[in-house]
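Chain by chain, the residues:
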Amino acid sequence: MLEDQSAADARPAAQPTTPAWPSEYPDGYAVVDVETTGLARDDRIVSAAVYRLDARGDVVDHWYTPVNPQRDPGPTWIHGLTSEMLADAPLFPEIAEEFAERLRGRVLVAHNAVFDWSMIAREYARARLVAPVRQRLCTIALSKELELPLANHRLETLAAHYGVVQRRAHHALDDARVLAEAFRPSLHLAAGRGIRLPLLACQPLTEWTDSIASAGASDGARRRSYAGNWRPSRKRPACPYPNPGRYEPGKPLVQGMRVAFSGDTSVERELLEDRAVEAGLHVATSVSRLTSLLVTNDPGAGTSKVVKARAYGIPVIDEGAFTQLLQDVAPAPGE
């Protein structure tokens, strides 16, 4: 039977289907930027900004505050905040709850999120409080997942890719706005492709040290320090014991074992690493087939260390289990 062509022509054209929004995506985001006195662990926040976004990346509201760091404000040539400007600003404990209200129940989003989260976690720890953040998302990691054609991973490069105009670089509120505007199209691109968001667990800090290394430093020294990395690598003495091989679950750690760490720890990473070295373990900065054990509180994360550990069959345990094992490390064979 031949179909009536006029009836066929009258049918509405099929509309392209829009992929369903991934059900596993978070319900909301807090896009954060903090400006600081420097990059070391004793540095302080001098300003903070948050753009709250809904599940699809649309702006709900925004918030900004300067913060009195109770010390030299550091690189004023970068963030523009002088001691005089911050003299009457609130102290961090005075804005901690208001800040927390904007973070609560949302995924923290930042550009190089490990830095912003580390500074925030430390400020809350100093105030004897806990930031209500359980997960974070780094927009650098997301850009890599999306394989965006970027010359580098600077914020201004990501902004330019999406046509977002920066007005006041290194002003916390404007940096947060720029990132929020750049994050939304990245989020939709990821959703359209069905890409798993690179979410990492955030571990509140419960034990840490402040080494006031930058106190009294010259202006030139502070400039060089600020241009460096957030967490410079530490040179440790070579482990005096041979590697006895892989850790076997249910048995003690053995001196000489190579231990790697990934993700946040409740005890400051350097303190945890120092305790491992004191126990006779070799702290490795990367994972290889020679690694005895990986310690992480986020075993489901897609970090390179976790992925390699799984591929090589390296045992993975959390910080709590590792801390228990540190209490009774077996001597190296022949010792």
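Residues numbered from 1 in each chain as written. Predicted model: local features only at pLDDT ≥ 70, side-chain atom pairs only at ≥ 80, totals over all residues. Heavy atoms only, no water.

With that out of the way, let us pick up empty space enclosed by the protein. Summed over all chains, the structure comprises one cavity of 30 Å³ or more. Computed from the structure, the largest cavity encloses a volume of approximately 30 Å³. Taken together, A201, Q203, S262, G263, D264, T296, N297 and D298 make up the full set of residues lining the largest cavity. Here the residues of the lining of the largest cavity are counted per class, giving one nonpolar, five polar and two charged. (1 Å grid on protein atoms, 1.4 Å probe; cavity = no way out; pocket = protein on both sides within 12 Å on 5 of 7 lines; lining within 4 Å. Points joined across faces, edges and corners; volume = space filled by probe spheres on them. Nonpolar A, V, L, I, M, F, W, Y, C, P; charged D, E, K, R; others polar.)

We now examine the packing of helix α6 (residues 139–146) against helix α8 (residues 172–193). Geometrically, a packed helix pair is captured by the angle between its two axes and the distance between the axes. In contact at an axis separation of 10 Å, α6 and α8 are set at 40 degrees when each is read in the N-to-C sense. Comparing the axis directions of α6 and α8 gives the class oblique. The hand of the α6/α8 crossing is left-handed. Residues T139, L142 and L146 of α6 touch α8, and the partners they reach there are L179, F183, S186, L189, A190 and R193. Broken down by class, the residue content of the contact of α6 with α8 amounts to six nonpolar, two polar and one charged. (Axes fitted to C-alpha atoms, helices over the stretch in contact; angles between N-to-C directions. Helix = DSSP H or I, 4+ residues; strand = E, 2+ residues; numbered from the N terminus. Parallel < 35°, antiparallel > 145°, perpendicular 65-115°, else oblique. Left-handed = near helix turned anticlockwise from the far one by under 90°. Contact = heavy atoms within 4.5 Å.)

All right, on to unusual backbone geometry then. Phi at Q70 is positive, roughly 60 degrees, even though this residue is not glycine. Looking at the element boundaries, Q70 is found in the loop between β3 (59–66) and α2 (76–79). One non-glycine residue, R128, adopts positive backbone phi at about 60 degrees. Within the secondary structure, R128 sits in the loop between α5 (113–126) and β5 (135–138).

Structurally, Q255 can be placed in the loop between α9 (219–226) and β7 (258–262). Every residue in contact with Q255, bar those within four places of it in the chain, is listed here: Y241, P242, P244, A279, G280, L281, V329, A330, P331 and A332.

A word on the pairing of strand β2 (residues 45–54). Along β2, nine of the 10 residues are buried, which leaves the element largely enclosed by surrounding structure. Where strand β1 (residues 28–36) lies against β2, nine bridges are found, and the strand directions are antiparallel. Paired with V31 across the bridge in β2 is Y51. As paired strands, β2 and β3 are joined by seven bridges and run antiparallel to one another. Looking across to β3, one finds that R52 is bridged to D61. Here β2 folds back onto β3, and the loop between the two strands holds four residues, one of which, G57, carries a positive phi near 90 degrees. (Buried < 20%, exposed > 50% of the residue type's maximum accessible area, 1.4 Å probe, protein only. Pairing = 2+ DSSP bridges.)

Here we have four strands laid out as an open sheet, ordered β8-β7-β9-β10, and parallel in their pairing. On the outer flanks of this sheet lie β8 (282–284) and β10 (316–317), each paired with one strand and no other. Across the face of the sheet, helix α11 (residues 304–312) comes into contact with β7, β9 (293–296) and β10 while running at roughly 140 degrees to β9.

Spatially, β3-β2-β1-β4-β5-β6 is the arrangement adopted by the six strands of the open sheet, whose pairing is mixed. Whereas interior strands pair on both sides, the edge strands pair on one side only; in this sheet they are β3 and β6 (199–201). Strand-to-strand twist across the sheet, computed as the mean angle between neighbouring axes with direction ignored, equals 25 degrees. Of the strands in this sheet, β1, β2, β4 (107–110) and β5 are in contact with α5, which crosses β1 at around 80 degrees. Along the sheet, α6 contacts β4 and β5; its crossing angle with β5, the most-contacted strand, is approximately 60 degrees.

Counting residues in each nonpolar core, the largest one holds 30 residues, and the members touching the most others are Y29, L137, F183 and L197. Counting only elements with at least two residues in this core, the list comes to β1, β2, β4, α6, α7 (155–161) and α8. Per-element accounting of this core gives the leading share, 10 residues, to α8. Each residue touching L197, except ones within four places of it in the same chain, is listed here: Y25, P26, Y29, L137, L142, L187 and A190. Core analysis: the next-biggest nonpolar cluster, separate from the first, contains 29 residues, A96, F99, L108 and F115 among them. (Core = buried A, V, L, I, M, F, W, Y, C linked by side-chain atoms within 4.5 Å.)

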